[in-house]
Each structure stands twice: as C-alpha cells, then as structure tokens.
Amino acid sequence: ILHPSNKDIAWVAALGHLYSPNKERGIYKTTDGGKTWNQTLFVNENSGAVDLIINENNPNTLYATTWHRERRAWNFVESGEGSGIYKSTDGGENWTLLSTPESGFPTGEGTGRIGIDLYEKDGKNILYAILDNYNRRPQKDEKPKNKLTKDMLRSMSKADFLNLSKGKIASYLKDNNFPDKYDVDSVFEMIKNDEINPIALVEFLEDANSLLFDTPVIGAEIYRSDDGGKTWKKTHDDFLDFVYNSYGYYFGQIRVSPNDSDKIYFMGVPVVRSDDGGKTFININKENVHADHHALWVNPNRDEHLILGNDGGINISYDDGESWTKCNSPAVGQFYAIAVDDAEPYNIYGGLQDNGVWVGSSDYQSGKRWHNTGHYPYKEILGGDGMQVAIDNRDNNTVYTGFQFGWYFRVNKTTGEQTLIKPQHDLGESPLRFNWQTPIHLSVHNQDILYLGSNKVHRSMNQGKDWQAISQDLTKGGIKGDVAFGTITAIDESPFQFGLLYVGTDDGNIHISQNGGTNWIKISANLPQDLWVTEVYASRSDKATVYCALNGYRWDNFESYIFKSSNYGATWQAIGNDLPAEPVNVIKEDPNNSNIIYVGTDHGLYVSLDAGSSFMLIDNNLPAVAVHDVVIHKKAKDLLVGTHGRSIYKANIEHLQELDKELLASNLHLFPIPESFEDNSLGRKPNIWVKSFEKEKEFAFYSKESGKVKITIKTKSGTPLFSFEEDASKGLNYVNYSYEISPKNVSAYERWLNQNSEKEIDLEAADNGKFYIKAGTYQVEVKSKLGTEAKEWIIKK
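These remarks concern the structure in this document. These figures come from a predicted structure and were not determined experimentally.

With that settled, consider the overall build of the protein. Summing up its helical and strand segments, the protein has 10 helices and 58 strands in all. Viewed in the frame of its principal axes, the protein has a C-alpha envelope of about 100 × 75 × 50 Å. Sorting the 797 residues of the protein into buried and exposed places 52% on the buried side. Sequence-distant contacts in the protein: of pairs separated by 6 or more residues, those separated by 24 or more amount to 52%. For the protein, the exposed surface amounts to about 37,200 Å²; the carbon and sulfur share of it is 47%.

Written as structure tokens, this is what we have:
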C-alpha cells in the first residue's frame, strides 16, 4: 500500500515462507522510499499478513488481516489462532486486534484466510470481511432413509453387512461408481469369506485428497462492521455453497463499491455480487468468464466498470457483471508440460494450469489476426488442469493426456472421443497415490505400450485398456495428510533398450529397472535426500547415461540440483555448479549433440555446451519466467520451452547444435546459408497508405571474441554489392541483410548481371528508391580482427 501523499511511505503485507515457519511475516513499513523497513506487526511464525487496506481520507488508519497457515508437501493446515483482523491509527506503527471473541467475528482454530475492504464515503467507516471458515458444519440430524452411507460402513460389522438387503448394497455401489467387476454378489462373497471388511467399501473411494476436496467445512462467510471494526455481524443466514468449498485459501478477496456501501463483490469459484449489503447474492460469472477469481478493480468514478482477474486471464465489464469482455491477447498461459508430434508441420501440445490441454500447429506466429478471422490455431482437447501429454507418432492422432491426480484419457483428435484409462487399485487394497501432475511415458519401442506412475509403476500393453503394476511402492510410503504425497513424479525409458526404466518420486527416491519392472534397484542413496525429483532423463546418446533434477523449495531450499550418471545411476556427478540458486524443474540432453544440456528453473532457461560443466542463460526474447518443461523436435531442430506464466516459446537450435569442440575452438565461423528466392515485390508500395514492402535475410556466424565485424555481399566473381558493420558478441551471432544494393555499386552490378544474360538487364529503383538483389550465386563475407569467413548464397528465380 502506498501513502496517498507521501511518496517515501509504504506498507507491505508479508505472508512469509511458503513451506516453513519463519519470523519474516506480518506488516512492514518504510519511511525512506524502501531503503529500510521496520516490521510493525508480527503474530507468530506460522501467521503472515495476507491483506492490507488504507483509509484514503485518513492515511494514518490502516486495516490488516493475518492468516495462520502451515503447509507441507503432504499436508495443508488452512486456519488457526493466528488468523485475525488488525487496525492501526498511527500510520501502521502499532496495531490492535479487532477480531476478539467479544467483537462477533469468528476466532480460534477454524479461522482461515480473511479478505477485507473499506467503504469510507460520506464520513462512514464500513468494513466488510470475507472469511474462509474452516470449522465443520453441524451434522444434520436426519439420516438418509433406506440408504447405505460411508459413515454407516465405517463402523459396520461383518454380520450387520450380511444382513443388509442386496438392493441397498447395489445402490451404494452404483451411486459411488464402483467398477463393474464389483457387483453385489462379488462384494457380498468377499465380505462373507473375510477377504475384506465393510470399511473397505469406504477406503476404496478415499485417497490422500479426500480431506482436501470433500471436507464439510463452513466455507465462505461475509461479515460487516459499521463502527470501524469494533463489532461485526454476519450478513447472511445460509451457507454460501459452491463458492469456496474446502479450498478457500485459494481466494480470499472482497470489494465494496466506492459509491454504494451496500454493493459488495467477492471472489471464489464464481464471482458474486450483492446489492443489499450481503443479505442476498447474484452470480455474475458469465459464459465467457473463467472460474477461480483472484483480483477485482472497481472503478471509483464509474460504479459499473469492473476489471476481473482469474485463472483464465482478464475480463472487463461496464454493466456491473451482466456482460463481460474477455481480454485473452496476453500470452500468460501457465504450462505444466508440453510435447510435440511428427506431423508436417508438427504440432505442439501442452497442459495448462486450470485451462485444460491444447494443441496447435508449430508454424503459428503469435499475433492478433485471429481476432479478425476467428481462426485461432490452438484448440482445447481436454479440460481440467492440463497435465502431461504423449502422442502416438504412428498416426499423430492418438493422444494420451489428462488432468490432476492421474485422471488420464486416450483421446482421438479426429473424432474427439475420450476414453478414461486411469489405473485403479483392487477392493481391499490401499488406494493408489497419484501426484497432482501424474507422469506418463509412451514407449518408443512399441507405442501400444504406456507407463503411468502412482506410488507404483503401471504398464499397459494395449493403449491403456488394461494395466499391470510392474513395481512395488517405490516411494518412502507416504505421510498422512490432505495432499497426495509419496508419489511418482517422473518416468523415463531408455531409447536403447525396452524396459530400461528410471523412476523418481516426490520424497527423493530414484529407482532403475533393467528388465521391464521385474526388479527395481534404488539408485538415489548418494544424492541429496528427501528432495522432490522433478526429472529423470535417460540419455539419447549413451545407454548407460542418465540425468536427474531435484527440487528443494518445499523445504525452503532454493539451490539448483542437477546430476549426471554414466553407469546407470550407480554413481552420480553434480553438474551445473555455476547455476544460480533457482529450483530446477527440467533437464534435457540435446538429441543431436550430447554435450548440450538444457535446464529450466523457476526463473529461466539455461544451456550448457560442455556436458554440464558450465551453463549460460538463454534469454534473448525469453522473459525471466518459470520454465517447467523443455522439448526438442529432433527433425525440425526446434527447442520448445513451456513456461509457467508466459505460455510457449520456440527457437531454432540448428546452429547451437553445431557448436562442437572443433567449432568452438575456431576464431570465426560463418554457417551455411539456405537458398532464397528472388522477390520482385521488395521496395514496392501497393498503394499510398502502406509502407513499401521490405524483408531481411538472416546470416549466422560464430565469433570466439566480441568486437566489430563487417559483412559484405559480393557477386560470385567478387564484385562488392553491399556492406554493413555490426557489433558481434562472443558466441553465436545473427545479422540481417535487407537485400539492398548500394547505389554506388548498381552500375557494376548491372554489368555483372548482363555478362551471362540473353537480354539486356536495366536495374530500376523500387518505389522506395532502393535497388534490390536479383537471382544468382553470391558470396557472403564476414570479416573481423579474428579473420575472414565466406559462404556461397544462391538466390533462385
């Protein structure tokens, strides 16, 4: 929050560390423009400040909310004693707790995240707060008539179960979508023969996420104070169902109209408006508005003008949410994973956070023309939180992909048919644990064979129709909590041998099987322990080589960890020791040059030209953003980068792949120049309202040192046509030539053209007054203090 009139004063609400207790939480204030900061509010090591507002008319008055949260990789405590509402009347120097038991605002262990806003017009100080109330809803007294429930089965004896009517059992199985193989008779016999207990019919349906998504918490509640926060009253009588559910921590924002104290907006799965101070509500989430809302601006000068931020981007309304414009031009996609096929041109696939799985052609150039044509080349092929993608390259039409927690499908792109292929445990077994981003891998040896990881490795020999577990639990066994943990996060198979498999887990284990899953050996004992394995990658150039990337941010460890083994993981060597302290998400070896390694971190993309001994940042036109996946299209020699925040980037890496030891040792190297075609439209203007048409030819060269270079285009016989200078960097350089001929060289060029021409050629200037190069064979020369390099360039008619 910035002071409305003093530019040197600002306040910050700091939530604190994401995964661990720490004291750097609460409210901070600066009075010298940010040079120094004072912590003016601290509650405890697990409670940070999550919202902050200021009274613009009286900037000494501020309100803040704190939130008690404890997050681990396996569990999330979303509420506690440290959650509360605070007020300062001396510019944030001192704070008073408003949400006391006497105030009417909920307190205690069930108090979750709080959002707050202030109405201050007409001398009023009306506060609204939205609470994620994590206390449980009171159980209803009425019991379902003639219906079997989970709660009944939890404590039911074998004898009581066997006395149930088969109709009740059948209804329970149908209502809970049990597989067809578990019909009434088979289940009855399993319990009769002591193969399972009745509680197994409950446990079969519950996994590590049932507490997170199915917990009957009170959820979102709206409170109002008309006396500056001294006392509070809940504005509504009923539960606000289907707004927060059991994950209200994800939302927590409320807004009050600057001009109407009874008009409020709050955000959850839908965005909701109330026109009567929170007594009744209207859903303003329209058909072109995504769910999961996190930001809202209400125009102080025009009440019905809203700007809304959500998991689908930005929407704008000028009629108070009755209709919305979707602003979907900014490339802000959050990709978990990307993939490519072998079509011509090839297609790019990607799974996005809360925006499904999309596919589009690799030849698409990002732009806004599709707004006019209505033909956006990327299409959604699956919903949910889009995850990993594997494509059967035999037809480039059969796609394996899914959404969170292992819900994977076989998708026919042509027909749109989607077939669920998720492996399932048997009744009586412990439920499988699937990571949020469940890994899949399609075998290059036989593309009917698919691997998928839960806490075990599952293999299908028939495109996901049937599954076999080919491993034991490869994790450390999981930890009790409301987040799936003790799961497989990475699977890869060597292209040199069918069944040479590597598997990594979220709790730090890496295993190898060299016989298709018959035996597994743990190979991570000498690596840093308990870190999340984000990648295991079998070398595409050497059978015994494998790479891994470990990520420690869930332990507040932000170091970069990548390792290489040349003996199937028996021993590991740390590589990338010069990488900055950024958690690593992906590591890939270049398929055409094994000395080149790509690494994606939470802040960018890095490349090594020396097998991992040293890395450099690749950031020319690539923003500083989390890189979650990297794919190399071997035939096209394209590098695809899936970012979590700025969508997908593509770069051709043909010249990068040629940087072997011999080339890197040379002083100057000009790469071969692809053929071009004569273009008689250069310099022309179709009408007076457009610029003359121009284009450029790119030349690539390598320089061992930085410095000035001179590029000269010559005829085959050596007649100079055009020269220009550039500042070369150490390494790869790209320069552009405009196809121009210098005016002073036009006469000599005409004579050269007419030497072998059957008819007289008379060069004419284009509409822009420039002369342009014609079809023929030319030389491109690059000259610097390091030497001179030249290559042939053919321009065809």
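This paragraph deals with the sheet that holds strand 53 (residues 720-728). The 5 strands lie next to each other as 50-58-57-52-53, forming an open sheet whose pairing is mixed. Two strands lie at the open edges of the sheet, namely strand 50 (676-677) and strand 53, each paired on one side alone. Where strand 52 (residues 707-715) lies against strand 57 (residues 776-784), 6 bridges are found, and the strand directions are antiparallel. Bridged to T712 within strand 57 is E781. In this fold helix 10 (residues 746-755) packs onto strand 52, strand 53 and strand 57, with an angle of close to 140 degrees to the strand it touches most, strand 57.

Formed by 31 residues in total, the largest nonpolar core has its most connected members in F699, I711, I713, Y737, Y749, I773 and W793. In this view, I773 contacts I713, L721, Y737, Y739, I741, Y749, Y778, W793 and I795; residues no more than four positions away in its chain are not counted. I169, F178, V184 and A200 belong to the second-largest nonpolar core, a separate cluster that totals 21 residues.

The 4 strands are arranged 14-15-16-17 in an open sheet whose pairing can be described as antiparallel. Both outer strands of the open sheet, strand 14 (253-256) and strand 17 (282-283), are each paired with one neighbouring strand and no more. Sheet topology places strand 16 (residues 271-274) next to strand 17; 2 bridges connect them, and they run antiparallel. Bridge pairing in strand 17 places V272 opposite N283.

About the criteria used
Residues numbered from 1 in each chain as written. Predicted model: local features only at pLDDT ≥ 70, side-chain atom pairs only at ≥ 80, totals over all residues. Heavy atoms only, no water. Helix = DSSP H or I, 4+ residues; strand = E, 2+ residues; numbered from the N terminus. Buried < 20%, exposed > 50% of the residue type's maximum accessible area, 1.4 Å probe, protein only. Contact = heavy atoms within 4.5 Å. Areas by Shrake-Rupley, 256 points an atom, 1.4 Å probe, with all protein chains shown as cover. Pairing = 2+ DSSP bridges. Axes fitted to C-alpha atoms, helices over the stretch in contact; angles between N-to-C directions. Core = buried A, V, L, I, M, F, W, Y, C linked by side-chain atoms within 4.5 Å.

Just distances and angles here, no functional claims.
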